[in-house]
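Tertiary structure, described
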Amino acid sequence: TQITFSEISALAVSIGPGSFTGIRIGLSTVKGLSYGWEIRVIGVPTLPAIAARVTDWHGLICPLLDARKKEVYAALFYNKEGEGLKRLTEDLVCPPEQIMREIQTYHRETCIFIGDGALVYKDLINTFLADSAQVTLGESYPSTAFSVALIAGERLEEGKIDSPGLLFPLYLRPSEAELKKKL
């Protein structure tokens, strides 16, 4: 891009949920760059960034990430034309059936599922929602990194900057190491 660090006004980072190691590496890298180069930093939760990738859909959007252990990271959003994304649920780590039951309360309104969990649980989605669901990995949409940058740019314009020292990963459950330590 031919851009130098002195030309960068802020760094954006996805804070999770997601891969424990990936989130830690990304966050520690951005914190190091922020401190070293005195660049502002903005943390963006992963699930809203994934939902924001869906640019041509008005209605229910469910980013669904495979959290392993027969669970998903999920949230439910509604994209209304001219109004943007509205969050309907908090970020969840749950069995995929739980989010399916939540979506069923929206009276069979079609929901688009995006993310690797949507592919892993495609049969389950079809069992619960049949014709009221569309599943995509998101190949035709902008990347999650693009959405993270876009959301961070909006927050930057609003003056909503994060303190690097107070920016932590958004984990929805303990890591394997934490679980084993308790044993």
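Preceding this paragraph is the structure being described.
Residues numbered from 1 in each chain as written. Predicted model: local features only at pLDDT ≥ 70, side-chain atom pairs only at ≥ 80, totals over all residues. Heavy atoms only, no water.

Quick notes on helix H6 (residues 144-157)
Just so we agree on the cut-off: Here a strand is any run of E in DSSP of at least two residues, a helix any run of H or I of at least four, and the numbering for each starts at the N terminus. A helix's residues, less one, multiplied by 1.5 Å, set its expected span. Here's how the labels work: a residue is buried when its accessible area is under 20% of the maximum for its type, exposed when over 50%, partly exposed in between, all with a 1.4 Å probe on protein chains only. Here, the arc refers to the directions that run from the helix axis to the C-beta atoms. Residue contacts follow a heavy-atom distance rule, with two residues in contact if any of their heavy atoms lie within 4.5 Å.
When the terminal C-alpha atoms of H6 are compared, their 20 Å separation across 14 residues agrees well with the 20 Å that a helix rising 1.5 Å per residue should span. Considered for burial, the residues of H6 that qualify are Ser147, Val148, Ile151 and Ala152. For H6, the angular spread of the buried residues around the axis is 130°, confining them to a single face. For H6, the exposed residues set more than 90 degrees away from the buried face come down to Ala145 and Glu157. Taken together, the buried residues of H6 touch strand S1 (10-16), strand S2 (40-45) and helix H2 (46-52). Positive backbone phi, at 75°, marks Gly159, one or two positions downstream of H6.

A word on the pattern of salt bridges
Going by this rule: Just to be clear on terms, a salt bridge is a Lys or Arg side-chain nitrogen sitting within 4 Å of an Asp or Glu carboxyl oxygen.
The final tally for this structure, using the stated rule, is six salt bridges. Glu83 is paired through a salt bridge with Lys80; the nearest N and O atoms lie 3.9 Å apart. Assessed through its relative accessible area of 60%, Glu83 is described here as exposed. The salt bridge partner of Lys160 is Glu158, with a shortest N-O separation of 3.2 Å.

Structural notes on helix H1 (residues 20-37)
The end-to-end C-alpha distance of H1, which contains 18 residues, comes to 26 Å, matching closely the 26 Å that a straight helix rising 1.5 Å per residue would cover. Regarding H1, the residues found buried are Phe20, Ile23, Leu27, Val30, Lys31 and Ser34. Burial along H1 is one-sided: seen end-on, the buried residues are contained in an arc of 120°. Along H1, the residues that are exposed and aim more than 90 degrees away from the buried face are Ile25, Gly36 and Trp37. Against the buried residues of H1 lie S1, S2, H2 and strand S4 (71-74). Glu38, located one to two residues past H1, shows a positive phi value of around 55°.

Concerning the state of the cysteines
Condition: The disulfide criterion used throughout: a pair of cysteine sulfur atoms within 2.5 Å.
Counted according to the given criterion, the structure contains zero disulfides. Cys62 carries a free sulfur, and the closest cysteine sulfur to it, the one in Cys111, is 5.2 Å from it. A residue is classified by how much of its surface remains accessible, and Cys62, at 0% relative accessible area, is buried. Cys62 supplies the cysteine sulfur nearest to Cys94, a cysteine that is in no disulfide, at a spacing of 8.4 Å. The exposure class assigned to Cys94 is buried, which follows from its relative accessible area of 2%.

Focus: the packing of aromatic side chains
Note the following rule: Each Phe, Tyr or Trp ring, with Trp reduced to its six-membered ring, pairs with another whose centre is within 6.5 Å; inter-plane angles below 30 degrees give stacked pairs, above 60 give edge-to-face pairs, and intermediate values give tilted ones. Whether a charge sits over a ring depends on NZ of Lys or CZ of Arg being within 6 Å of the ring centre and within 35 degrees of the ring normal.
This model, assessed by the stated rule, comprises two aromatic pairs. With 4.6 Å between their ring centres and 20° between their planes, Phe5 and Trp37 make a pair best called stacked. Separated by 32 residues along the polypeptide, Phe5 in the segment before S1 and Trp37 in helix H1 bring together distant segments of the chain. Judged by centre distance (4.7 Å) and plane angle (50°), the rings of Phe20 and Tyr171 are tilted. Here Phe20, found in helix H1, pairs with Tyr171, found in the loop between H6 and helix H7 (176-182); they are 151 residues apart in sequence, far enough to count as distant. Its end group placed over the ring of Phe168, Lys31 keeps NZ or CZ at 5.1 Å from the ring centre.

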